[in-house]
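Read off the chains here:
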Amino acid sequence: MPGTPTPRGAPPKPTWDPRIPARPLLRPTIRIRLTLLYGGMFLIAGVLLLSIIYLLTRQALYISTDDLPFRILRGEVQPTQDWCRLPGPVTTDEFSEAMASCLQHQRDLALDDLLRRSLFALLGLSIIAFAFGYAMAGRVLSPLGRITRTARQVAGSDLSRRIKLAGPDDELKELADTFDDMLERLERAFTAQQRFVANASHELRTPLAINRTLLEVHLSDTAAPVELRELGKALLATNERSEQLVEGLLLLARSENQIVERKPVDIAEVASRAVDQVHAEAEAKGVEIRGERAPAVVQGSGVLLERIALNLVQNAVRYNVPEDGWVEVTTAVEHDQAVLVVSNTGPIVPAYEIDNIFEPFRRLREERTGSDRGVGLGLSIARSIARAHGGRITAEPREGGGLVMRVTLPR
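Cut-off values and rules
Sequence order sets the numbering: in each chain, residues are counted from 1 along the sequence as written. It should be noted that, the model being predicted, local features are given only for residues of pLDDT at least 70 and side-chain atom pairs only at 80 or more, the latter also being counted only at that level, while totals for whole chains, interfaces and linings use all residues. To get the side-chain values, all heavy atoms of the structure are used, and hydrogens and water are removed first. What counts as a salt bridge is simple: a side-chain nitrogen of Lys or Arg found within 4 Å of a carboxyl oxygen of Asp or Glu. Helix numbers and strand numbers start at the N terminus; a helix is a DSSP run of H or I with at least 4 residues, a strand a run of E with at least 2. Only protein chains enter the accessibility calculation, which uses a 1.4 Å probe. A residue is then buried if its area is under 20% of the maximum for its type, exposed if over 50%, and partly exposed in between. Pairing of aromatic side chains requires ring centres within 6.5 Å, counting the rings of Phe and Tyr and the six-membered ring of Trp. Pairs whose planes differ by under 30 degrees are stacked, by over 60 edge-to-face, and all others tilted. Two limits define a charge over a ring: the Lys NZ or Arg CZ must be within 6 Å of the ring centre, and within 35 degrees of the ring normal. Throughout this description, the term nonpolar core refers to a set of buried Ala, Val, Leu, Ile, Met, Phe, Trp, Tyr and Cys residues connected via side-chain atoms within 4.5 Å. Two strands are counted as paired when DSSP detects at least two bridges linking them. To get an axis, a line is fitted to the C-alpha atoms, and for a helix only the part in contact is used. The angle between two axes follows their N-to-C directions and goes from 0 to 180 degrees. Crossings are assigned a handedness: left-handed for a near helix turned anticlockwise from the far helix by less than a right angle, right-handed for a clockwise turn. We call two residues contacting when some pair of their heavy atoms lies within 4.5 Å. Charged means Asp, Glu, Lys or Arg here, nonpolar means Ala, Val, Leu, Ile, Met, Phe, Trp, Tyr, Cys or Pro, and polar covers whatever is left, Gly included. Within the patch definition used here, like charges are joined within 9 Å and nonpolar side chains (Val, Leu, Ile, Met, Phe, Trp, Tyr) within 5 Å, considering only residues with over 30% relative accessible area and no salt bridge. In these tables, accessible area is a Shrake-Rupley quantity obtained with a 1.4 Å probe, and a residue counts as shielded only by the protein chains included in the view.

Draft legend 1. The pattern of salt bridges, seen in detail. In this structure the tally under the stated criterion is eight salt bridges. Between Asp177 and Lys173 there is a salt bridge whose closest N-O contact spans 3.2 Å. Placement of both Asp177 and Lys173 in helix H3 (residues 171–219) is noted, with a separation of four residues, approximately one turn of the helix. The exposure class of Asp177 is partly exposed, given its relative accessible area of 30%. Note that Asp336 is salt-bridged to Arg411, the shortest N-O span being 4.0 Å. Placement of Asp336 in the loop between strand E6 (325–334) and strand E7 (337–344) and of Arg411 in the segment after strand E9 (403–410) is noted, with a sequence separation of 75 residues between them. Here Arg411 falls in the partly exposed class, since its relative accessible area comes to 47%.

Here it is as structure tokens:
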């Protein structure tokens, strides 16, 4: 239709990501800086070397009358050096050859002296160039050291650290800014997780506590039928197991953090307390607890370290042989580290199942539920607490059955 404007086509899609800010074409990248730095150093070193060689060559080629290998006195040519020998009355050609030989020997001496001085100059310049290059490389790469130190501090669960690298807008600053953004998002996610764990634990504890109270009240009624009392006991045991599970999950979540407040804690005292708490259960099962516990002081949380010892000793007592079983609990200092070792008799443990016992809700050849030996979080909690203290926990099958649990903590 005449007069109708022609519809325009859709604008072309941009070939660049609009979320990425535009950067100048010739921004001072680390590649350009290193190129200019080492190219400039090479240029300066070359100029200095050429200047030194030029001065040395000029000095070597400058010959005064005192440096001539011969001199003319009263119309006669007399040599001034021992290596310059002129023949007696000879023809003109023989005399010219002798003079050329003396001059050639003098040039050889000058070139040898020039080579020797040039080598010394090259050696001096090499030392200066290496020292200057080492200093400049350290200055250029110093941001990498700062990033590494911050990453090491973050590895200790200190997510509040930031690099905040200042300087030119190069690849290192871009890496540091990206790392800071990642840390900020991780800290927000970790804070949200902590808040969720606290709220969830509170919401789960309250109904479980109410259920336990109601069950205990009904069980205290002597007039209740026997069937109802048996059902109440079963429900009370299930409720108690649920409370243990909630407490274990909460402790597992909290123990993943780095310990901020540290105090001197004797591992021997912690192990002795754990043995005292498990002593009654060990006697009921006929398990002997033994072992020497030498003082070994570390910096950490006494409550959490006692939980490690308690979990290991409880597992050693519960997963033992029916008769003549024993548990050995020892502490010592080895290579400036505190060591807690809990070994016990028990069923034979295959080596390929060792790694699985540290996973939550994992037991050897048992179901996740329906056991009176716990909720399957003991070793997971122990490993998390050991990591939070900068240590580690390992397990090895014991010859004849059982396990040898070894906890190593820095002092």
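And the narrative resumes.
Draft legend 2. Structural detail: the packing of aromatic side chains. A complete count under the given rule lists zero aromatic pairs for this structure. Of note, Arg290 hangs over the ring of Trp326, and the distance from its end group to the ring centre comes to 4.2 Å.

Draft legend 3. Broad picture of the nonpolar core. Among the nonpolar cores identified, the biggest contains 41 residues, and Leu312 and Leu340 are the most heavily contacted of them. Elements with a minimum of two residues in this core: helix H5 (267–285), helix H6 (302–318), E6, E7, helix H7 (378–388), strand E8 (392–397) and E9. Among the elements that take part in this core, H6 stands out by supplying nine residues, more than any other. Within the second largest apolar cluster, 11 residues are counted, among which are Ile30, Met41, Ile147 and Leu183.

Draft legend 4. Focus on the pairing of E6. Direction of pairing for strand E4 (residues 287–290) relative to E6: parallel, over a ladder of four bridges. From the neighbouring strand, Val287 faces E6, where its bridge partner is Gly325. For E6 and E7, the ladder comprises eight bridges, and the chain directions are antiparallel. Along E7, the bridge assignment pairs Glu328 with Ser343. Hairpin connection of E6 to E7: two residues between the antiparallel strands, including His335 at a positive phi of 55 degrees.

Draft legend 5. Layout of the packing of H6 against H7. For the pair H6 and H7, the least separation of the axes is 9 Å and the interaxial angle reads 145 degrees. As H6 runs across H7, the sense of the crossing is left-handed. Contact with H6, carried on its side by Leu304, Leu305, Arg307, Ile308, Asn311, Leu312 and Asn315, involves Gly378, Leu379, Ile381, Ala382, Ile385 and Ala386 of H7 and no other residues of that element. Residue composition of the contact of H6 with H7, grouped by class: nine nonpolar, three polar and one charged.

Draft legend 6. Examining unusual backbone geometry more closely. Here the phi dihedral of His335 falls at roughly 55 degrees; this positive angle occurs in a residue that is not glycine. Topologically, His335 is positioned in the loop between E6 and E7. The class for His335 is exposed, based on a relative accessible area of 77%.

Draft legend 7. Structural context of the environment of Ala294. Within the secondary structure layout, Ala294 lies in the loop between E4 and strand E5 (297–300). Each C-alpha atom, one on Ala294 and one on Ala338, is 9.9 Å from the other, the two residues being 44 residues apart in sequence. Other than its neighbours up to four places away in sequence, Ala294 contacts Ala268, Thr331 and Ala332.

Draft legend 8. Representation of the environment of Ala45 in the model. Position of Ala45 relative to the elements: it lies in helix H1 (residues 30–61). Distance in space between the C-alpha atoms of Ala45 and Ile128 is 9.2 Å, their sequence separation being 83 residues.

Draft legend 9. Layout of the sheet that holds E6. Across the sheet, which stays open at both edges, the five strands sit in the order E4-E6-E7-E9-E8 with mixed pairing between neighbours. Of all the strands in the sheet, the pair left with one neighbour each is E4 and E8. Ignoring strand direction, the axes of neighbouring strands in this sheet form an average angle of 15 degrees. As defined by bridge partners, E7 adjoins E9 across seven bridges and the pair is classed as antiparallel. Its bridge partner lying in E9, Val342 is registered against Met405. The strands touched by H6 within the sheet are E4, E6, E7, E8 and E9, with E7 carrying the most contacts at an inclination of about 20 degrees.

Draft legend 10. Quick look at a nonpolar patch on the surface. Side chains of Leu115, Leu119 and Leu122 sit close together on the surface and give an oily, nonpolar patch of about 290 Å² of accessible area. Residue position: Leu115 is located in helix H2 (residues 92–155).

Take it as geometry only, folks, not as evidence of what the structure does.
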